[in-house]
Amino acid sequence: SSIFIGIDGGFAPWVGALIADVKQPILIVAEENKLTETLTRLSRVGFDNTIGYLEGGLEAWKNAGKQTDSLACITPEAYGKEVENVKTFDVRKPGEYEAEHVVGASNTPLDFINEHLSDFSDSEMNYLHCKGGYRSVIAASILKSRGIHNLTNILEGFDAIRHVVTTENSVTA
C-alpha cells in the first residue's frame, strides 16, 4: 500500500512525522520534473532508502492495468447541507481545533491518525478536513492504506467550511 504526501506542502516534516523508519524503502510516484526535488527533500530528513520512481507516473500505472484508488471530495457548500447528519473528522492540530471547529466534529490530528483508527467506520461515510486541504488528503491516504475507504474530503478545508456551517470554540463550548 502507499500513502500520499504532496511535495508542495510541508512535505519533509510530514514524511518525518508519518514514516517512522528512515530505512523504509520508498518508491516515488511524482511528476518527472519533481523527482530531484523529492529526492533532495527526503534526504534532508534522513530518508535515503529510495529504491526508485514510477516511470511515467500514475498514468503509466493505470495504463498497465494496475489497481488504483481515489478520494471522493465535496464542496464546503454541499457539506454544509449535510453537516448535521454526517461524521466529521478534523485532522488539524488540537490548538487549531480548540480555537474554532465545526460543531460535532471530532479532533483526530494527522500526527496521531493511527491512534484514532477505531473512530472511523467503513459502514458509513467519514468526512475529513484540515485547514486548507493538504493534511486531510494525507490522512485519507493513510486511512485507505489501513483499509478504511468510505471517506470524503471536504475541499478547501476549514478556511472555507467556517463560512457555511456553524462553528464553536472549545473554550466557550
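Residues numbered from 1 in each chain as written. Predicted model: local features only at pLDDT ≥ 70, side-chain atom pairs only at ≥ 80, totals over all residues. Heavy atoms only, no water.

(A) How the structure looks around the packing of aromatic side chains. Counted under the stated rule, the structure contains two aromatic pairs. Aromatic side chains Y79 and Y127 sit 5.9 Å apart centroid to centroid with 45 degrees between the ring planes, which places their arrangement in the tilted category. Taken together, the positions of Y79 in helix α4 (residues 76-82) and Y127 in strand β7 (residues 126-129) put the pair 48 residues apart, joining distant regions of the chain. Taking the relative accessible area as the measure of exposure, Y79 reaches 0% and is therefore buried. Residue Y127 is classed as buried on the basis of its relative accessible area, which comes to 8%. (Phe/Tyr/Trp six-rings, centres within 6.5 Å; stacked < 30°, edge-to-face > 60°. Helix = DSSP H or I, 4+ residues; strand = E, 2+ residues; numbered from the N terminus. Buried < 20%, exposed > 50% of the residue type's maximum accessible area, 1.4 Å probe, protein only.)

(B) Structural view of the pattern of salt bridges. Applying the stated criterion to the full structure yields eleven salt bridges. Among the salt bridges present, the one from E59 reaches K62, with a minimum N-O distance of 3.7 Å. Here E59 pairs with K62, and both are found in helix α3 (residues 57-63), just three residues apart, close to one helical turn. On the basis of relative accessible area, E59 is assigned to the partly exposed category, the value being 47%. (Salt bridge = Lys/Arg side-chain N within 4 Å of Asp/Glu carboxyl O.)

(C) Spatial organisation of the pairing of strand β8 (residues 151-154). Burial along β8 is two-sided: L151 and N153 facing one way and T152 and I154 facing the other are all buried. Pairing of strand β3 (residues 72-74) with β8, which is carried by three bridges, proceeds in the parallel orientation. Paired with I74 across the bridge in β8 is I154. Here three bridges tie β7 to β8, and the two strands are oriented parallel to one another. Across the sheet, L128 pairs through a bridge with N153, a residue of β8. In this fold, β7 hands off to helix α6 (residues 134-145), which returns the chain to β8; that crossover is right-handed. (Pairing = 2+ DSSP bridges. Right-handed = clockwise from strand over helix to strand, strands pointing away.)

Read these as geometric descriptors, not functional statements.
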